[in-house]
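# Report on the structure
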Amino acid sequence: MLSLTPDTLTDSGRQAQHEISEMWALYLASKGGAFSANAGTPSALWLASERARWPMYDLAGFYLPDGSVPRVLRIAPTTPGIDQRYEIVTQFLAAGSHPSDSASAIIVTMTVYAVHENGRWVLENALPRKTSGWPRASVGQINFFHEPGLVFDPAKARRAAAFIDSLASAFDLSRPAPLDYYVTSSVDEALNILGLQFPVKYGPNGAFSKPVNHQVFNGMPTIGEEHRHELAHVVMAPLLVGSPTILATEGVATWLGGIEGVDFRGSVRHLAGYLAAHPKITLDSILESGSIPQFVKYSGGAVLSEMLAESGGTPALKEFLTAGPGTAELRAALVHLLHQPWAAIMSAWRTSIDRLLPT
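Residues numbered from 1 in each chain as written. Predicted model: local features only at pLDDT ≥ 70, side-chain atom pairs only at ≥ 80, totals over all residues. Heavy atoms only, no water.

## Remarks on the nonpolar core
What counts, and what does not: What makes a nonpolar core is a set of buried Ala, Val, Leu, Ile, Met, Phe, Trp, Tyr and Cys residues whose side-chain atoms join them at distances within 4.5 Å. Exposure is judged per residue with a 1.4 Å probe applied to protein chains only, and the accessible area is read against the type maximum: over 50% gives exposed, under 20% gives buried, and values in between give partly exposed. Helix and strand definitions follow DSSP, with helices as H or I runs of at least four residues and strands as E runs of at least two, each counted in order from the N terminus.
By size, the foremost hydrophobic cluster in this structure holds 63 residues, and its most contacted members are Ile-142, Leu-231, Phe-320, Leu-334 and Trp-349. With 12 residues, helix α10 (residues 294-321) is the single largest residue contributor to this core. Grouped together as the second largest cluster of nonpolar side chains are 41 residues, Ile-75, Trp-121, Trp-134 and Leu-191 included.

## Quick look at unusual backbone geometry
Positive phi, normally seen in glycine, also occurs at Glu-260, with a value near 50°. Position of Glu-260 among the secondary structure elements: in the loop between α7 (246-257) and α8 (264-277). Of note in this structure, His-339 is not a glycine but carries a positive phi near 60°. By the element assignment, His-339 lies in the loop between α11 (327-338) and α12 (342-356).

## Focus on the side chain of Asp-180
We count it as follows: Only heavy atoms enter the contact rule, under which two residues are in contact if any of them lie within 4.5 Å.
Relative to the assigned elements, Asp-180 resides in strand β7 (residues 179-183). For Asp-180, a relative accessible area of 11% gives the class buried. In this view, Asp-180 contacts Arg-53, Asn-143, Phe-145, His-214, Gln-215 and Val-216; residues no more than four positions away in its chain are not counted.

## A closer look at the environment of Ala-309
With respect to the helices and strands, the residue Ala-309 is situated in helix α10. Between the C-alpha atoms of Ala-309 and Asn-38, which are 271 residues apart in sequence, the distance is 36 Å. Once residues lying within four places of it in the same chain are set aside, the contact partners of Ala-309 are Trp-255 and Leu-317.

## Here's the deal with empty space enclosed by the protein
So the rule is basically this: Detection works on a 1 Å grid of protein atoms alone, calling trapped sets that fit a 1.4 Å probe cavities and calling open sets with protein on both sides within 12 Å along at least five of seven lines pockets, with lining residues defined by an atom within 4 Å of a point. Grid points are joined across faces, edges and corners, and a volume is the space filled by probe spheres set on the points. In this classification, the charged set is Asp, Glu, Lys and Arg, the nonpolar set is Ala, Val, Leu, Ile, Met, Phe, Trp, Tyr, Cys and Pro, and all remaining amino acids, among them Gly, are polar.
On inspection of all chains with the given rule, the structure shows one cavity of 30 Å³ or more. Taken as a whole, the largest cavity spans an internal volume of roughly 40 Å³. Lining the largest cavity are Trp-24, Tyr-27, Leu-28, Lys-31, Phe-35, Asp-58, Gly-61, Leu-64 and Met-110. Per element, the largest residue contribution to the lining of the largest cavity is three residues, and it comes from helix α1 (residues 11-30). Here the lining of the largest cavity is built from residues that sort into six nonpolar, one polar and two charged.

Written as C-alpha cells, this is what we have:
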C-alpha cells in the first residue's frame, strides 16, 4: 500500500523500492510476531555498525506490540532525485487486523531507513539521522544530546556524572561505559527520535532507558540532565541476573533517584496519600494485584529498599535486586534479608512510610 507513485522515481529508484520492500517484509517476518523480544536477535538485514554498537539494535522495534500487523505507508528516497537512502514508514495495527482494512486502529507508526551496505540494502535506525544536528556535550562518562531549543545545564550534568560514579562505587561495580543521554521537550519527542509516533500524546512527563545499550531518554526538560532514576537503571544493570521483580528493580531506582519528577521522600508522600485514600491496600496487595498504579509499586519498592539499606546495607540491596521471579521468592528473600516473618515485615513497611513522611 505504497503512497509513492512509480513515475516519481528513476528506474534504479523503482528497483530499489522493490528490493527494499521485500527486504523489510522479510525482516518483519523473521521476528515471528515477537517484535519486542526479538529486537536484539541478530539479523544480517540490519546495518552491521549499529548491531555492533547496540545489543538491542532495533531501537523502535522494541516498542512494537507483539502480534501487531504491519501496513507499509511509504518507501521513498530521503532526498528527492537521489536514491541512496530510503525512508520506510509503516503503521502497525492491532493483532488480527488486515492491512487493507482502513478502519483498523493504528497502534503506532514506525520509521526506519534503508541504506546500502556491501552491495545490498539493509536497515538503519532513525535515531542517528534525527539527532545528527543536535547540540551535544560530554561530561564524565555521559554524552549529552539536547533537542534544539533546550538549554544545557552544566551543573546538572556534573551532578549526574558524579552520581553514576558514586553509585558504581557504592555497589562495587566497574565504572560504567560511556552512555548516551538524550534530553527532549517531551516523551513524544523522545519516542519520535527513535522513529515512533503513537496516537496518544504523553507530554513532558516521563523518561525511559535502555540499559543494555547504555542509553537514557529524558522527556522531562525540568529535570534535564539529571534523571537519576534512569541513570540508576543503567549503572545497576550488571546486577540484574535471573528474573528480578519490578518491585525490586524499580523500587531501588526510585529509592536512589525518585520518580515522576519527585525525589524518594516525595514518592513516599505520594504513596502515603494513595494509601490514605485506599486503606485496604497492603504490601501484599501491591505484590499481587495487577491493577495497582505503577507509582505505588515503585514507591512501595523504594520503601522496602530503605528498610533493607538500614538493615543490611548494600549487600542486602544487591540480594533484593536478584530476588524473583515470583512473589513467593520475593517474600522469602525479604524474610531472609530483614530477619522477620512476613506479617512483621508488612507492618514494618507501613510504619516506615509513616516515619519517613515528616522528613
